[in-house]
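Structural characterization, general
Here is what each chain is made of, one letter per residue.
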Amino acid sequence: LIVEESSRLWQQSIRGYYHDLMTLSDYIDLDQPWWYTEMMEQGSIDNSKRYFLNGDLFLTCMFGASAMYFNKGMFTDYIGDIQQLYTHVLDGTWTYDVFADYCRTVHTDVNGDGANDAGDIFGFRFEQWGIPNYLSMSTGLTFSSRDADGYPVLEIMTEDGIKWGETLYRLLYTDSISMEGSKQDTFIGQTSLFYPGMFSTAHQLRNVNFDYGMVPYPKLSEDLDYMSAAATVNGNGGAVPVSAPADKLDAVCAAMEALCAQSYRTVIPAWYDTALKVKYSDGREDAQMVDIIYEHISTSFIMMADKELGIGSIFTNAVYNATNDGAFASYYESQKNLIDKKLERCIEDYKKLGE
């Protein structure tokens, strides 16, 4: 059994290194709740094969699920009753427009010099790598569809894709919504209202001296669904190499299924229910939010294929340090032909597997 970062397994799988786990053994049952079905479907070249699996056995995958932390005291002081935020989430109206409004509301020029300084209060802080990617992978957009044969068709330069590129630029660079800086230090220091992180971020917040809550990342628009995909592909998946002895294949598949089932039944409740819902969060609403995040663990095809196609960070590459909100469209046009050729080659390599 090979356990490795999922996006690296994807890259290796199209080179024929691994067995197809949909047909290898009767011991693998992908209909069971311990497998991350949506994530695997979104990230695959087509859904007729599975060369690696994602599920509760591989906790680092779950640790990468999108989790937006917020300072409850600051929210109450600057905006009002925190119940309105939870209501937005439950009603499906938790969008990046609402998020931006909250961030603008909390902005405070602490020293009164009229400039955005490190000590001022902002909605959130960001660094080049991390936040722009996390936000882009958690809009509810998948940035691809499937053709008649089930193969991926990129849908990055669409009306929604362009809208997200413009939205990301505004979140980072306009209206004093945010400022470049340490997302973690400023949240702990209570100069950032929000901390766009992951489930694993809770480990870094164990000793804070204020109450915080957790919600899913916002959506680009109300008609989309939440998508907990901040860094899930950086977590591990499991694959069986073609070099494995034939007489061991049923045993390794049975072990993987059993371990994943046992993790779902015992390890996940211990970490997820006790650590996240009780130790790291506060109240019934936060427990609901944790459930929503967990139930929407997924990824986008462009992030799963990033190691091979180099497109997972396309919004970050286009928007970071850009000078206008149209930067994404012009950047993508300059990259489109190369990206299309890479994807075409990957699909052709994939079709040859098993020949």
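Before reading further, recall that the structure is shown in the block above.
Here is what the cut-offs are and how they apply
Residues numbered from 1 in each chain as written. Predicted model: local features only at pLDDT ≥ 70, side-chain atom pairs only at ≥ 80, totals over all residues. Heavy atoms only, no water. Helix = DSSP H or I, 4+ residues; strand = E, 2+ residues; numbered from the N terminus. Rg over C-alpha atoms; globule rule 2.2 N^0.38 Å. Buried < 20%, exposed > 50% of the residue type's maximum accessible area, 1.4 Å probe, protein only. Contact = heavy atoms within 4.5 Å. Areas by Shrake-Rupley, 256 points an atom, 1.4 Å probe, with all protein chains shown as cover. Pairing = 2+ DSSP bridges. Patch = residues over 30% accessible without salt bridge, like charges linked within 9 Å, V, L, I, M, F, W, Y side chains within 5 Å. Salt bridge = Lys/Arg side-chain N within 4 Å of Asp/Glu carboxyl O. Lys, Arg positive; Asp, Glu negative; His and termini not counted. Charge placed at Lys NZ, Arg CZ, Asp CG, Glu CD. Core = buried A, V, L, I, M, F, W, Y, C linked by side-chain atoms within 4.5 Å. Axes fitted to C-alpha atoms, helices over the stretch in contact; angles between N-to-C directions.

Section: the overall build of the protein
- Along its length, the protein carries 15 helices and 9 strands.
- Rg of the C-alpha trace for the protein: 21 Å, near the compact-globule value of 20 Å for 355 residues, within the 12% margin.
- Referenced to the eigenvectors of the C-alpha coordinate spread, the extents of the protein come out at roughly 70 × 50 × 30 Å.
- Evaluated residue by residue, the protein yields a buried proportion of 55% over its 355 residues.
- A separation of at least 24 residues holds for 78% of the contacts in the protein among residues at least 6 apart in sequence.
- Accessible surface, the protein: about 14,500 Å² in total, of which carbon and sulfur atoms supply 46%.

Some words on the pairing of strand 7 (residues 194-198)
- Burial analysis of strand 7 places 5 of its 5 residues in the buried class, the great majority of the element.
- The side-chain alternation of strand 7 yields two buried faces, one formed by Phe194, Pro196 and Met198 and the other by Tyr195 and Gly197.
- In this sheet, strand 7 lies alongside strand 2 (residues 66-71) in antiparallel orientation, the contact comprising 5 bridges. From the neighbouring strand, alanine 67 faces strand 7, where its bridge partner is glycine 197.

What about a negative patch on the surface?
- A surface patch of negative charge is lined by Glu159, Asp160, Glu222 and Asp223.
- Under the relative-accessibility criterion, aspartate 223 is labelled exposed at 67%.

Observations regarding the nonpolar core
- Among the nonpolar cores identified, the biggest contains 105 residues, and Trp94, Phe124, Trp164, Phe194 and Phe199 are the most heavily contacted of them.
- In terms of residue count, the dominant contributor to this core is helix 15 (residues 327-352) (8 residues).

Digging into unusual backbone geometry
- One non-glycine residue, phenylalanine 143, adopts positive backbone phi at about 65°.
- Tracing the sequence through the fold places phenylalanine 143 in the loop between helix 7 (131-136) and strand 4 (144-146).
- One non-glycine residue, serine 176, lies in the positive phi region at around 55°.
- Position of serine 176 among the secondary structure elements: in the loop between helix 8 (159-173) and strand 6 (178-180).
- Given a relative accessible area of 22%, serine 176 falls into the partly exposed group.

Re the sheet that holds strand 8 (residues 212-215)
- Strand order in the open sheet made by the 3 strands is 7-2-8, with antiparallel pairing throughout. Only two strands of the sheet have a single partner each, and these edge strands are strand 7 and strand 8. Looking at each pair of strands side by side, their axes are set apart by 30° on average, direction ignored.
- The pairing of strand 2 with strand 8 spans 4 bridges and is classified as antiparallel. Bridge pairing in strand 8 links methionine 68 to valine 215.
- In the packing of helix 11 (residues 284-295) onto the sheet, contacts are made with strand 2 and strand 8, and the angle to strand 8 comes to roughly 35°.

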